[in-house]
Amino acid sequence: PHQAALVALDPRTGEVRALVGGRSFDESHFNRATQARRQAGSAFKPFVYAAALERGYTPASLISTLATPVMTLQGAWVPDDHSTGTEMTMRAALKTSSNRAAVRMLQDIGLPAAVKAADRMGLGDVPSVPSLALGSGEVTLLSMTAAYATFANGGMRPEPILIRRVETTEGEVLFTSMPHADRAVSEATAFLITTMMADVVNGGTGWQARNVGFKLPAAGKTGTTNDYRDAWFVGYTPHLAAGVWVGYD
């Protein structure tokens, strides 16, 4: 059966407000929100652009030579793309989810910069290959949602918290969680990425959210993988970050 998972958390504290691990716990105890490692597709692109912003690029920076092949160990590669043209700004590239622009930006900043950015965002080990820009790395929905929460939290990545407190029946407190966040990107980078992903929701690949009547200020990114094996949306308002994955096991 078609499966889905959802995570929603407070970007300031990391406290998980909602978590759905699949269609039915009775049918499958496998938690697709915390255990499934899936390719992120285009939902990974904001991290490439965040790394670029950290290195001095701006949303208005022009990404050019988009039709030029990328040299790989398997030969010359030109990513499939629905966008046309040979150059566009970084803001337009994210809004339209241009594959070639993301790969070109990754080439410009260097693979190590993107891999390091992913690590700072809490996404763990990702492959150091050109297709990383298109989300070829495998991640969990929980880690992706916490990574996006970083942008809502001024560049501080919150550690997800599932349990706030444990008490005995007599009221003795055995455990209390302590919210923790690490600096992943600058506050300026978090702000700029948020404005770019607000464009995605307002008039880019995530425009359907507005079309069905969602009016709150929000930012986010869609993502699909080869042959539509995975479908993602991860986004946030100032007070809540949420991620959804849909696909087949």
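In case you missed it, the structure is sitting above this.
An account of the accompanying structure is given in this report. Here the structure is a predicted model, which is why all the values come from computation and not from measurement. (Residues numbered from 1 in each chain as written. Predicted model: local features only at pLDDT ≥ 70, side-chain atom pairs only at ≥ 80, totals over all residues. Heavy atoms only, no water.)

1. A word on the overall build of the chain
Rules: Starting at the N terminus, helices and strands are each numbered in turn, a helix being any DSSP run of H or I of at least four residues and a strand any DSSP run of E of at least two. Taken over C-alpha atoms, the radius of gyration is set against a globule rule of 2.2 Å times the number of residues to the power 0.38. Only protein chains enter the accessibility calculation, which uses a 1.4 Å probe. A residue is then buried if its area is under 20% of the maximum for its type, exposed if over 50%, and partly exposed in between. Contacts were defined at the residue level, with two residues in contact if any of their heavy atoms lie within 4.5 Å. All accessible areas in this document rest on Shrake-Rupley with a 1.4 Å probe, and a residue is counted as covered only by the protein chains that are shown.
Scanning the chain for helices and strands turns up seven helices and 15 strands. The C-alpha atoms of the chain give 18 Å as radius of gyration, which agrees with the globular expectation for 249 residues (18 Å, within 12%). On the principal axes, the C-alpha backbone points of the chain span a range of 70 × 40 × 40 Å. In the chain, which comprises 249 residues, the proportion classed as buried is 46%. Restricting the contact set of the chain to residue pairs at least 6 apart, pairs at least 24 apart contribute 64%. Within the structure as shown, the chain displays about 12,200 Å² of accessible surface, and the carbon and sulfur contribution to it stands at 55%.

2. Some remarks on the sheet that holds strand 15 (residues 241–247)
Let me state the cut-off plainly: Two strands form a pair only when DSSP identifies at least two bridges running between them. Axis definition: a line fit to C-alpha positions, over the contact stretch in the case of helices; interaxial angles, taken between N-to-C directions, run 0 to 180 degrees.
The five strands are arranged 2-1-15-14-13 in an open sheet whose pairing can be described as antiparallel. Unpaired on one side and paired on the other, strand 2 (16–20) and strand 13 (219–224) mark the two borders of the sheet. Ignoring which end each strand starts from, the neighbouring axes of this sheet average 5 degrees apart. Across four bridges, the pairing between strand 1 (residues 3–9) and strand 2 is antiparallel.

3. Notes on the pairing of strand 14 (residues 230–236)
Where burial is concerned, most of strand 14 is hidden: five out of the seven residues are buried. The sheet contact formed by strand 13 and strand 14 spans six bridges and is antiparallel. Its bridge partner being in strand 14, glycine 220 is matched across the sheet by glycine 235. With antiparallel pairing between neighbouring strands as the criterion, strand 13 and strand 14 make up a hairpin whose turn holds five residues, including aspartate 227 at a positive phi of roughly 60 degrees. The sheet contact formed by strand 14 and strand 15 spans seven bridges and is antiparallel. Bridge pairing in strand 15 links valine 234 to glycine 243. The antiparallel pairing of strand 14 with strand 15 creates a hairpin that spans four residues between the two strands.

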